[in-house]
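A structural walkthrough
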Amino acid sequence: MDLLTGMPNVSYFSKFGDDFLRKLLKRAGQVDVIYIYFDISSLHSYNDHFGFLQGNQLIKKCGEIIRASFQEGLTLRYVDNSILTITAPSQLKKLLPEIQKKVADFSADKVTTVRAGVYQVKEMEPATSAVDKAYQVYNTSVKKRFEMQDYFT
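Description of the structure in this document. Position labels on residues start from 1 in each chain and follow its written sequence. At least 70 in pLDDT is required for a residue's local features to be given in this predicted model, at least 80 for side-chain atom pairs to be given and counted, and no such filter applies to totals for whole chains, interfaces and linings, which use all residues. Side-chain metrics rest on all non-hydrogen atoms present in the structure, leaving aside hydrogens and water.

Elements are defined by DSSP. Helices are runs of H or I of four residues or more, strands are runs of E of two residues or more, and each kind is numbered from the N terminus. Counting its regular elements, the protein chain contains five helices and five strands. When the helices and strands of the protein chain are listed from N to C terminus, the series reads α-β-α-α-β-β-α-β-α-β. Per-residue burial over the protein chain gives 49% buried out of 153 residues. Shrake-Rupley sampling with a 1.4 Å probe provides the accessible areas, and residues are treated as covered by the protein chains on show and by no other component. With an accessible surface of roughly 8300 Å², the protein chain has 52% of that area assigned to carbon and sulfur atoms. Here's how the labels work: a residue is buried when its accessible area is under 20% of the maximum for its type, exposed when over 50%, partly exposed in between, all with a 1.4 Å probe on protein chains only.

What follows is the structure, encoded as structure tokens:
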């Protein structure tokens, strides 16, 4: 468990990520599963300006907002200022902008928010591989708030 957010952490994911993905893929009517890699934009600058206590509050609040938005999935603090959600793709296009707005509204500067990379899993693959692909989508979407794409190898 992550001490700051109270959410599962990367150790939990390493141990149970594959099993969780397998269960989601087996659910009746479940065609796809998505991995959403969230990153808090400019958190280091935010900490420099408002202090680590405010930065920690922002990380915690981001986790709460994201977790509440995807209750049927698994949301965890991945590393540093990133949060990972594994879930079904229902209402994704509606939820992502809502999450972004809630985070910006909470942030002390009213500007800092989250960016995300989304990877859609269509069949079983190692959970760590799916996270890497969601991160790659996030990493290539520097100019966009949210980017969704299928990842082709």
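Read on for the rest.
A few words on the nonpolar core. By nonpolar core we mean a set of buried residues, namely Ala, Val, Leu, Ile, Met, Phe, Trp, Tyr and Cys, connected to one another through side-chain atoms within 4.5 Å. Residues Ile36, Phe38, Phe70 and Ile99 are the most contacted members of the largest nonpolar core, which totals 22 residues. By the convention used here, residues are in contact when the closest approach between their heavy atoms is within 4.5 Å. Contact partners of Ile36, with chain neighbours within four places excluded, come to Phe70, Ile83, Leu84, Thr85, Thr87, Leu92, Leu96, Ala116, Gly117 and Val118. Membership of the second largest hydrophobic core comes to 19 residues, among which are Leu25, Ile86, Tyr119 and Val131.

This paragraph deals with the packing of helix H3 (residues 52–69) against helix H4 (residues 92–106). Helix axes are fitted to C-alpha atoms over the stretch in contact, other axes to C-alpha atoms as well, and angles between N-to-C directions run from 0 to 180 degrees. The geometry of H3 relative to H4 is characterised by a closest axis approach of 10 Å and an angle of 155° between their N-to-C directions. For the element pair H3 / H4, the angle class is roughly antiparallel. Of the two possible hands of crossing, H3 and H4 adopt the one that is right-handed. Residues Gln57, Leu58, Lys61, Cys62, Ile65, Ile66 and Ser69 of H3 form the contact with H4, whose participating residues are Leu95, Ile99, Lys102, Val103 and Phe106. For classification, angles of less than 35 degrees are called roughly parallel, those exceeding 145 degrees roughly antiparallel, those between 65 and 115 degrees roughly perpendicular, and all remaining angles oblique. Two helices crossing with the near one rotated counterclockwise from the far one by less than a right angle form a left-handed crossing, whereas a clockwise rotation gives a right-handed crossing.

This next bit is on the environment of Tyr12. Tracing the backbone shows Tyr12 in helix H1 (residues 10–26). It is 9.5 Å that separates the C-alpha atoms of Tyr12 and Asp2, two residues lying ten residues apart in sequence. Beyond its immediate sequence surroundings of up to four residues, Tyr12 is in contact with Gly17 and Leu74.

Before going further, it helps to examine the side chain of Thr87. On the secondary structure map, Thr87 appears in strand S3 (residues 82–87). Polar contacts here mean pairs of N or O atoms no more than 3.5 Å apart (in protein, one a potential hydrogen donor and the other a potential acceptor; neighbouring residues in sequence count only if both atoms are side-chain atoms). Within the structure, the side chain of Thr87 is placed 2.7 Å from the side chain of Glu72, a separation counted as a polar contact. Not counting the four nearest positions on each side in its chain, Thr87 is found in contact with Leu24, Val33, Ile34, Ile36, Phe70, Glu72 and Gly73.

All quantities given are derived from atomic positions and should not be read as evidence of function.
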